[in-house]
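Letter by letter, the chains look like this.
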Amino acid sequence: MLVLKDRKKSGFTLIEIIISMGLFSIVMLIALTTLFSLSAANNRVRSAQVVTDNLGFVFEDISRVARFGFNYHCGDYGDLSEPQDCPTDGDTFLAVERGENIGVEPAVNTDQVIYRYREDDGMGMIEKSLNSGSSYERITPENINVTYFRDYVMGAESGIDNGVQAQIFSVLGAIVDEGEESEVNINLQTTITQRFTD
């Protein structure tokens, strides 16, 4: 005689599968949203680092020339070879006589190195001239919009003869538009002190 056993069916019901899929979808949505947010934050930090490095290079260039130079002239008026201070209002134009220690041919050393802020089609930039302003070359990258650049010069008019070291306080602000409503704002400042030659 054959005995039939009552078998219970094992497995998930349709309701259980729908609920588990819904919970899984919610957890994955939260995880992916977090992943995309972290990726966007990482890109923003990377962009800020690139901008800071590029603008740091500009400051390093200005610092190197000014540290070993002399006759700091702040402002695009007057005789550029004469020292001129601008301690309170600052200016967007700085001329420096080159020193001997920056790897320049001595015959060219009679020209001032000039840094200036200029806007072109709404984009601000810093330019450099190696020939007393006869020609300028942009030294900030094209994707960086320099919004603010000022140099404050103190002690240049007193001169080395009076034992005063001239100082330049430079301030720079810039914006990089990364698209998709993402902007990177950078503000930098540095102080440069003239070195005396022995």
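Residues numbered from 1 in each chain as written. Predicted model: local features only at pLDDT ≥ 70, side-chain atom pairs only at ≥ 80, totals over all residues. Heavy atoms only, no water.

Let us look at the pattern of salt bridges. Counting across every chain of the model gives four salt bridges. With a closest N to O distance of 3.0 Å, Asp-61 and Lys-128 form a salt bridge. Of this pair, Asp-61 sits in helix H1 (residues 14-68) while Lys-128 sits in strand S4 (residues 123-129), and the two are 67 residues apart along the sequence. Residues Arg-118 and Glu-127 are paired through a salt bridge, measuring 3.0 Å at the closest nitrogen-oxygen approach. Owing to a relative accessible area of 29%, Arg-118 belongs among the partly exposed residues under this scheme. A single network of salt bridges, built from pairs that share partners, joins Asp-61, Arg-64 and Lys-128. (Salt bridge = Lys/Arg side-chain N within 4 Å of Asp/Glu carboxyl O. Helix = DSSP H or I, 4+ residues; strand = E, 2+ residues; numbered from the N terminus. Buried < 20%, exposed > 50% of the residue type's maximum accessible area, 1.4 Å probe, protein only.)

Moving on, we get to unusual backbone geometry. The phi dihedral of Asn-71 falls on the positive side, at around 55°, and the residue is not glycine. Relative to the helices and strands, Asn-71 is located in strand S1 (residues 70-74).

Reading across the sheet, the five strands line up as S1-S2-S3-S4-S5 and stay open at both edges, with antiparallel pairing between neighbours. Each edge of the open sheet carries a strand with a single partner, namely S1 and strand S5 (137-138). In the sheet, S4 pairs with S5 via two bridges, with the strands oriented antiparallel. Bridge pairing links Lys-128 to Glu-137 in S5. In this fold H1 packs onto S1, strand S2 (93-97), strand S3 (112-120) and S4, with an angle of close to 150° to the strand it touches most, S3. (Pairing = 2+ DSSP bridges. Contact = heavy atoms within 4.5 Å. Axes fitted to C-alpha atoms, helices over the stretch in contact; angles between N-to-C directions.)

Along the chain, Asn-145 turns up in strand S6 (residues 145-154). For Asn-145, the side chain forms a polar contact with the main-chain nitrogen of Gly-124, separated by 2.7 Å. Excluding residues within four positions of it along the chain, Asn-145 makes contact with Gly-122, Met-123, Gly-124, Gly-173, Ala-174 and Ile-175. (Polar contact = N/O pair within 3.5 Å; in protein donor to acceptor, adjacent residues only side chain to side chain.)

Moving on, we come to the side chain of Gln-194. For Gln-194, the location among the structural elements is in the segment after strand S8 (182-193). In this structure the side chain of Gln-194 is engaged in a polar contact, spanning 3.0 Å, whose partner is the backbone oxygen of Gly-69.

As a further point, take the nonpolar core. Across soluble globular proteins, nonpolar side chains show a tendency to be buried alongside one another. Ile-62, Tyr-72, Val-153 and Leu-172 are the most contacted members of the largest nonpolar core, which totals 30 residues. Every element with two or more residues in this core is listed here: H1, S1, S2, S3, S6, strand S7 (167-179) and S8. Beyond its immediate chain neighbours, meaning those up to four positions away, Val-153 contacts Tyr-72, Cys-74, Gln-84, Asp-85, Cys-86, Pro-87, Leu-94, Gln-167 and Ile-168. (Core = buried A, V, L, I, M, F, W, Y, C linked by side-chain atoms within 4.5 Å.)

Now for the packing of aromatic side chains. A full pass over the atoms with the stated rule returns one aromatic pair. Aromatic side chains Tyr-152 and Phe-169 sit 6.2 Å apart centroid to centroid with 45° between the ring planes, which places their arrangement in the tilted category. Taken together, the residues span a long stretch of sequence, with Tyr-152 in strand S6 and Phe-169 in strand S7 at a distance of 17 residues. Since its relative accessible area comes to 26%, Phe-169 is described here as partly exposed. Sitting above the plane of the Tyr-136 ring, Arg-116 keeps its charged end 3.6 Å from the centroid. (Phe/Tyr/Trp six-rings, centres within 6.5 Å; stacked < 30°, edge-to-face > 60°. Lys NZ or Arg CZ within 6 Å of the ring centre and 35° of its normal.)

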